[in-house]
Amino acid sequence: MGADDSPPLKAERLRNALRSGGLSLAYQPKISIATGQLAGVEALARWHDRQFGWIEPAAFVPLAEKEGLIDELTDRGLVTALDAWSSWRDTGLLTQISFNISALSLAHLDFPDRVEELCRVRDIPTAHLTLELTESASQEIIPLIDTLTRFRIKGVSLAIDDFGTGFSSLVQLRRLPFTEIKIDRCFVHDILVSEDSRAIVEAIIALARALGLSTTAEGVGSSEALALLATLGCDQAQGHFISPPITAAEVHEWAAAATGMPAGKARAL
Ligand code: G
Ligand code: MN
């Protein structure tokens with residue numbers, strides 16, 4: 001704390017961590033609610049600093065954006081995530097990988113070409129990649145429609161993350177070529193006790209259906225919540241009850257263990 005916690009120092013340490021491989025990725029499985037099987041994994045950036053300890057993406061992603069480091073963070077993360085995907089394929093596991101991107105990266109019109117190239121050199125079909133974009137109240141994503149459309153033309157799927165927390169949700173859904181809605185965990189976590197949360201989740205699922213989008217509930221914490229989401233017609237679930245974020249090596253093991261598991265009986269690691 002104190003002077004050592006100053007943003008310039010943290011920014012410097014983030015820069016160094018990025019360049020010396022000090023950031024890593026964890027992978028959080030998500031399941032198909034209908035079958036209980038692995039539906040994909042979300043790559044989540046992790047930063048452990050010797051001085052500051054574990055730092056949340058909610059803290060270091062905005063810092064990277066502010067310090068002009070976000071493209072480097074995105075590029076290195078994508079390379080690591082796609083290498084992990086290749087290692088899963090080598091052992092027979094073909095799954096979907098979701099990767100979080102900052103709206104700032106979408107300002108580059110050549111970003112889709114770069115991503116396509118990263119997939120091509122690894123012989124990864126772009127259909128196995130989903131990019132997640134957070135619906136943020138502070139960022140207008142309508143101007144990014146060109147870049148998003150380029151991704152869709154290349155076969156990459158697009159998810160709108162933390163849905164329900166931004167202010168222009170409906171306009172964005174109508175105009176942008178998303179394929180999936182991730183329902184924010186703040187609605188999912190009290191779905192069993194709050195009538196309002198349940199009504200919101202139900203409405204989001206109905207809206208997604210009408211627009212032909214798939215739905216993933218974030219932050220699923222119990223078998224009861226999973227069962228209710230199944231009743232409401234939600235497609236996929238992610239959360240600590242299903243699995244916390246795990247290592248790339250553990251993903252293969254997890255997929256094998258979860259095969260054929262009925263919904264509501266997913267293994268919590
Ligand atoms: O690990 P945690 O559940 O706190 O991370 C949740 C959110 O953090 C993600 O949904 C995403 O919004 C953000 N995040 C995690 N990793 C990355 C990353 O590599 N890049 C970007 N831009 N955001 C990330
Ligand atoms: Mn996400």
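The shown structure was predicted, so the numbers you read here are calculated from the model rather than taken from an experiment. (Residues numbered from 1 in each chain as written. Chains lettered and ligands numbered in written order. Predicted model: local features only at pLDDT ≥ 70, side-chain atom pairs only at ≥ 80, totals over all residues. Heavy atoms only, no water.)

Let us look at the overall build of the protein chain. Summing up its helical and strand segments, the protein chain has 10 helices and nine strands in all. A globule of 269 residues ought to have a C-alpha radius of gyration of about 18 Å, and the protein chain, at 18 Å, matches this closely. Across its three principal axes, the protein chain shows a C-alpha extent of roughly 50 × 45 × 40 Å. For the protein chain, contacts bridging at least 24 residues in sequence account for 69% of all contacts bridging at least 6. On the protein chain, roughly 12,300 Å² of surface is accessible, and the fraction owed to carbon and sulfur atoms is 54%. Taking the average location of the 24 positive side-chain charges in the protein chain and that of its 35 negative ones, the two points are 3 Å from each other. (Helix = DSSP H or I, 4+ residues; strand = E, 2+ residues; numbered from the N terminus. Rg over C-alpha atoms; globule rule 2.2 N^0.38 Å. Contact = heavy atoms within 4.5 Å. Areas by Shrake-Rupley, 256 points an atom, 1.4 Å probe, with all protein chains shown as cover. Lys, Arg positive; Asp, Glu negative; His and termini not counted. Charge placed at Lys NZ, Arg CZ, Asp CG, Glu CD.)

All right, on to the site of ligand 1 then. In the neighbourhood of ligand 1, 14 residues make up the surrounding shell, with Glu 42, Ala 45, Arg 46, Asn 100 and Asp 161 lying closest. Within the side chain of Thr 134, an N or O atom sits 3.4 Å from an oxygen atom of ligand 1. Computed on the free molecule, ligand 1 has an accessible area of 500 Å², of which 83% lies beneath the protein chains in the complex. Placement of ligand 1 is best described as lying within the largest pocket. Mapped by element, the contributors of at least two residues to the shell around ligand 1 are β2 (38-49), α2 (57-66) and β4 (97-101). It is β2 that contributes the most residues to the shell around ligand 1, four residues altogether. (Near = heavy atom within 4 Å. Polar contact = N/O pair within 3.5 Å; in protein donor to acceptor, adjacent residues only side chain to side chain. 1 Å grid on protein atoms, 1.4 Å probe; cavity = no way out; pocket = protein on both sides within 12 Å on 5 of 7 lines; lining within 4 Å. Sits in = over half its atoms within 2 Å of the grid points.)

Before going further, it helps to spend a moment on the coordination of the manganese ion (ligand 2). In an ideal tetrahedron of four donors about a metal, each angle is 109.5 degrees. In an ideal octahedron of six donors, the angles are 90 or 180 degrees. Every protein donor of the manganese ion (ligand 2) is accounted for by Glu 42 (OE), Asn 100 (OD1), Glu 132 (OE) and Asp 161 (OD), and the metal-donor separations fall at 2.1 to 2.4 Å. One chain supplies every donor to the manganese ion (ligand 2), and in sequence these donors are spaced E-x57-N-x31-E-x28-D. Here Glu 42, found in strand β2, pairs with Asp 161, found in strand β6 (residues 157-163); they are 119 residues apart in sequence, far enough to count as distant. Here Glu 42 falls in the buried class, since its relative accessible area comes to 7%. The class of Asp 161 is buried, set by a relative accessible area of 4%. (Donors = N, O, S within 2.8 Å, 3.2 Å for Na, K, Ca; no water. Buried < 20%, exposed > 50% of the residue type's maximum accessible area, 1.4 Å probe, protein only.)

Let us look at the packing of aromatic side chains. Summed over the entire model, instances satisfying the criterion amount to three aromatic pairs. Here Tyr 27 and Trp 88 contribute two aromatic rings whose centre-to-centre distance is 5.2 Å and whose plane-to-plane angle is 85 degrees, an arrangement assigned as edge-to-face. Of this pair, Tyr 27 sits in strand β1 (residues 23-32) while Trp 88 sits in helix α3 (residues 70-90), and the two are 61 residues apart along the sequence. Trp 88 shares its class with Tyr 27; the two are buried. On the basis of an interplanar angle of 90 degrees and a centroid distance of 5.9 Å, the ring pair of Trp 47 and Phe 60 is categorised as edge-to-face. Taken together, the residues Trp 47 in strand β2 and Phe 60 in helix α2 connect sequence positions 13 residues apart. Like Trp 47, the residue Phe 60 is buried in the burial classification. Stacked on the ring of Phe 52, the Lys or Arg Lys 10 has its end atom at 4.9 Å from the ring centre. (Phe/Tyr/Trp six-rings, centres within 6.5 Å; stacked < 30°, edge-to-face > 60°. Lys NZ or Arg CZ within 6 Å of the ring centre and 35° of its normal.)

Taken as a whole, the largest pocket encloses approximately 1,300 Å³ of empty space. Considering the residues around the largest pocket, the lining is formed by 48 residues, among which Leu 44, Pro 57, Ala 58, Val 61 and Asn 100 are closest to the centre. Counting residues per element, the ones that place at least two in the lining of the largest pocket are β1, β2, β3 (53-55), α2, α3, β4, β5 (129-134) and β6. (Points joined across faces, edges and corners; volume = space filled by probe spheres on them.)

Between the first and last C-alpha of α3 there are 30 Å, a value that for 21 residues agrees with the 30 Å anticipated at 1.5 Å per step. Of the residues trailing α3, Gly 92 is marked for its positive phi of about 95 degrees. (Expected span 1.5 Å × (residues − 1).)

To continue, consider the confidence of the model for the protein chain. In this model, the protein chain carries a mean pLDDT of 90, and residues with pLDDT of at least 70 account for 90%. Here residues 260-269 is modelled with pLDDT under 50, and outside its nearest four sequence neighbours on either side it reaches 30 contacts, counting other chains as well. (pLDDT = per-residue confidence, 0-100.)

What follows deals with the nonpolar core. Ranked by size, the top nonpolar core spans 80 residues in total, and within it Tyr 27, Trp 88, Phe 99, Ile 181, Ile 183, Val 220 and Leu 229 carry the most contacts. Broken down by element, this core gets its largest block of residues, eight residues, from α3. If sequence neighbours within four positions are ignored, Phe 99 has contacts with Leu 25, Ala 43, Thr 74, Gly 77, Leu 78, Ala 81, Leu 129, Thr 130, Leu 131 and Glu 132. (Core = buried A, V, L, I, M, F, W, Y, C linked by side-chain atoms within 4.5 Å.)

Residue position: Ser 105 is located in the loop between β4 and α4 (111-121). In this structure Ser 105 touches Ile 70, Asp 71, Thr 74 and Phe 111, once residues within four positions along its chain are discounted.

Mapped onto the elements, Thr 130 comes out in strand β5. For Thr 130, a relative accessible area of 3% corresponds to the buried category. Side chain to side chain, Thr 130 and Gln 96 meet in a polar contact 2.9 Å long. In contact with Thr 130, not counting residues within four places along its chain, are Gln 96, Ile 97, Ser 98, Phe 99, Ser 157, Leu 158, Ala 159 and Glu 180.

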